[in-house]
Amino acid sequence: MAKKKMTRAERLEKEREANLKHWEAEDEILFKHREEAYNVGGEKQVQRLAKQNKKPMRELVKMLIDSDTDFLEVGLDTGYDIGKKRTYGGEIYEQEKRGHIPGGGLITGVGKVHGKDCMIFANENRYAAGTYFPITLKKHIRAQKIAEACEIPCIYIADSGGIYLPLQIGSFADEGHFGTMFYNMCRMSAKGIKQYTLSTGGNTAGGAYIVYLACESVMIEKMSYAFLAGPPMVKSAIGETVSAEDLGGAYVHTQHSGGCDHVVKSQEEGIQKLRDIMEFEPSQSLYADRRETREPKFDYKEMMHCSPVDTYHYIHIHDTLKCLADDSYFHEYKPAYGPGRGNTVICGKMWLKGIPVGVVASNASGVIYIEAARKATEWMIRCGTSKLPVLFLEGTPGYMVGKDQEWGGIGKYGSDMVRAATCLDTPKITYVIGPDHGAGNYGMCGRAFNPTFSFTNMRGRTTVMSGETAGFIVETVRRAGIKAKGGEANEGEMAEFRQMMRDRYEEQGHPFYTGCLNFHDGVIAFSEARDKLARAFEIALRAPVKESIFGNMKV
């Protein structure tokens, strides 16, 4: 008996259920991935700290922020298996047996203290004594950049041995290295963005400036130390024998040097002192006309149902937007423009937990045609003129190629889109939900284009192009080289090469790989997307929205 053929509705329902199960499993992988950074070193490290009368940094962060509020962590994926990466000194990390740094050796994120948003930095002293690796510095400086853009105070809970000396070449002397941390503290302080430090351990050499440069600093009696050179270096340099306490303990800097402002007897008292200091900070504004929150008519599971398993399958972005927008209402801009070509980028506005937000979103194939580029450019200019923050939902393999498109001006109109994304000076948040390739990354406000926050989900893939395309291009070059030498290509080897390129690009574009290198601020699960994106906009809107000046458009 012949098997009954499924109806179209049955096929779609089967596909929806497969999508849901796949993304539930992927988000479960994400949650497990986070656990290692939450619990670096396990119980052994907790016990080691306890012998020093110290709590894990994450407990101190929890004590610092207001109860029943969430900590929006940024850069959590930094440092995972960095020794296996072919860039940013991976091989050197492996040589030092530091090839895996969960959380990048530093906790960074935004929390509320007395109702005021603060960027919090806490050295992960459960790993390598909280020392700074090159990747740690990248994470630290990224968080400072966010704080400066959002004009929110910085709180440092410091316990670090400074630069990890075997990797000093990637940490000292250049822009973006250790000195940039202190440069940023000075610049922010000069702008009125307060810098507060609680030292809970050692702060040596350059690390001492985290105490000295703070607007107000706190040290713990017989636990905190700050000095430009520790006892061994002092002995080596001038022959003086001195204890850490007498060289740079809390009593030295609060009673004698004046390098610190407050002394306390415990970590708990130190956290309370930070809270006391923050109570005097002025309340913060929200530079948006926020209305009451209205829940969407569709929950995050519908978003999972509608997100194809294959990153390169068409996505109907309205199905995502209806799960993010208040009341599932999306006001679309030029919905009928350029049939079949203008709709690969969807533009419009919505409320996100009461905050009015402009949207530029990849749709269908995500390929950006001339019409889509024109529409996106127009919309970004309108958002800039209206001082409307913008959410970029990125899922594009890039701009359309070919003679017709080139003659029609895809380069020119694509460049206008890139310029618009660059010069749009309202808060911008990028959320990668699909392919994120080439110049499409530029026009959709990729990390190089200074979004206030940039996130991805487990479906995102960020590479210069797809592995399939890269394999074809390099294979073509190889074949031409073989032919020029009078040879003949081995088809078996060519097939293996194509698969190798697919696998390499799949690995390198994966959110955990790009997150390890701090190419984004975090992987967001489907269940978290609405809340975290809204929270990010709330933080970004703590600063007055700037005028957008778009320069020499070629339209």
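Residues numbered from 1 in each chain as written. Predicted model: local features only at pLDDT ≥ 70, side-chain atom pairs only at ≥ 80, totals over all residues. Heavy atoms only, no water.

*Asks:* For this particular structure, what's the right way to read the overall build of the protein?
*Replies:* Tallying secondary structure elements over the protein gives 21 helices and 15 strands in all. The globule rule puts the C-alpha radius of gyration for 555 residues at 24 Å, and the 26 Å found for the protein is close to it. Its C-alpha atoms give the protein principal-axis dimensions of roughly 85 × 65 × 60 Å. Restricting the contact set of the protein to residue pairs at least 6 apart, pairs at least 24 apart contribute 77%. In the form shown here, the protein has an accessible surface area of approximately 25300 Å², with 53% of it arising from carbon and sulfur atoms. (Helix = DSSP H or I, 4+ residues; strand = E, 2+ residues; numbered from the N terminus. Rg over C-alpha atoms; globule rule 2.2 N^0.38 Å. Contact = heavy atoms within 4.5 Å. Areas by Shrake-Rupley, 256 points an atom, 1.4 Å probe, with all protein chains shown as cover.)

*Asks:* Looking at this model, I keep getting lost on the pairing of strand 4 (residues 154–160). Mind explaining?
*Replies:* In regular strands, side chains alternate between the two faces of the sheet. Of all 7 residues in strand 4, 7 are buried; the element is thus mostly enclosed. Examined bridge by bridge, strand 3 (residues 116–123) and strand 4 share 4 bridges and lie parallel to one another. The residue bridging Met 119 from the neighbouring strand is Cys 154, located in strand 4. Where the polypeptide runs from strand 3 across helix 5 (residues 134–150) and back to strand 4, its parallel neighbour, the crossover connection is right-handed. Pairing of strand 4 with strand 5 (residues 195–204) involves 6 bridges; the strand directions are parallel. Across the sheet, Ile 157 pairs through a bridge with Leu 198, a residue of strand 5. For the crossover that starts at strand 4, traverses helix 6 (residues 178–190) and ends in the parallel strand 5, the hand is right-handed. (Buried < 20%, exposed > 50% of the residue type's maximum accessible area, 1.4 Å probe, protein only. Pairing = 2+ DSSP bridges. Right-handed = clockwise from strand over helix to strand, strands pointing away.)

*Asks:* Could you clarify how one ought to interpret the packing of aromatic side chains in this entry?
*Replies:* To describe a pair of aromatic rings, you give the distance between the ring centres and the angle between the ring planes. Evaluation of the coordinates by the stated rule reveals 12 aromatic pairs. With centroids separated by 5.8 Å and ring planes inclined at 10°, the aromatic side chains of Phe 453 and Phe 455 adopt a geometry described as stacked. By the burial criterion, Phe 453 is buried, and Phe 455 matches it. The rings of Tyr 132, Phe 178, Phe 182, Tyr 209 and Tyr 212 are connected pair by pair, giving a single aromatic cluster. Above the plane of the ring of Trp 351 lies Arg 291, whose end atom (NZ or CZ) is 3.5 Å from the centre. A cation sits over an aromatic face here: Lys 403 above Trp 407, 4.8 Å from the ring centre. (Phe/Tyr/Trp six-rings, centres within 6.5 Å; stacked < 30°, edge-to-face > 60°. Lys NZ or Arg CZ within 6 Å of the ring centre and 35° of its normal.)

*Asks:* Hey, could you run me through the pattern of salt bridges in this one?
*Replies:* Side chains bearing opposite charge may pair, as long as their charged atoms lie close to each other. In this structure the tally under the stated criterion is 33 salt bridges. Residue Lys 191 pairs with Glu 148 through a salt bridge whose shortest N-O separation is 2.4 Å. Linking Lys 191 in the loop between helix 6 and strand 5 with Glu 148 in helix 5, this pair joins segments that are 43 residues apart in sequence. Given the relative accessible area of 24%, Glu 148 is considered partly exposed. (Salt bridge = Lys/Arg side-chain N within 4 Å of Asp/Glu carboxyl O.)

*Asks:* How should the nonpolar core be read in this particular structure?
*Replies:* Side chains that are nonpolar tend, in soluble globular proteins, to be buried together. Counting residues in hydrophobic clusters, the biggest one holds 72 residues, and the most contacted among them are Met 119, Met 350, Leu 391, Leu 393, Tyr 431, Phe 453 and Leu 533. For this core, the element with the highest residue contribution is helix 21 (residues 529–540), accounting for 7 residues. Counting residues in hydrophobic clusters, the runner-up holds 28 residues, among them Val 345, Ala 376, Tyr 413 and Ala 420. (Core = buried A, V, L, I, M, F, W, Y, C linked by side-chain atoms within 4.5 Å.)

All quantities given are derived from atomic positions and should not be read as evidence of function.
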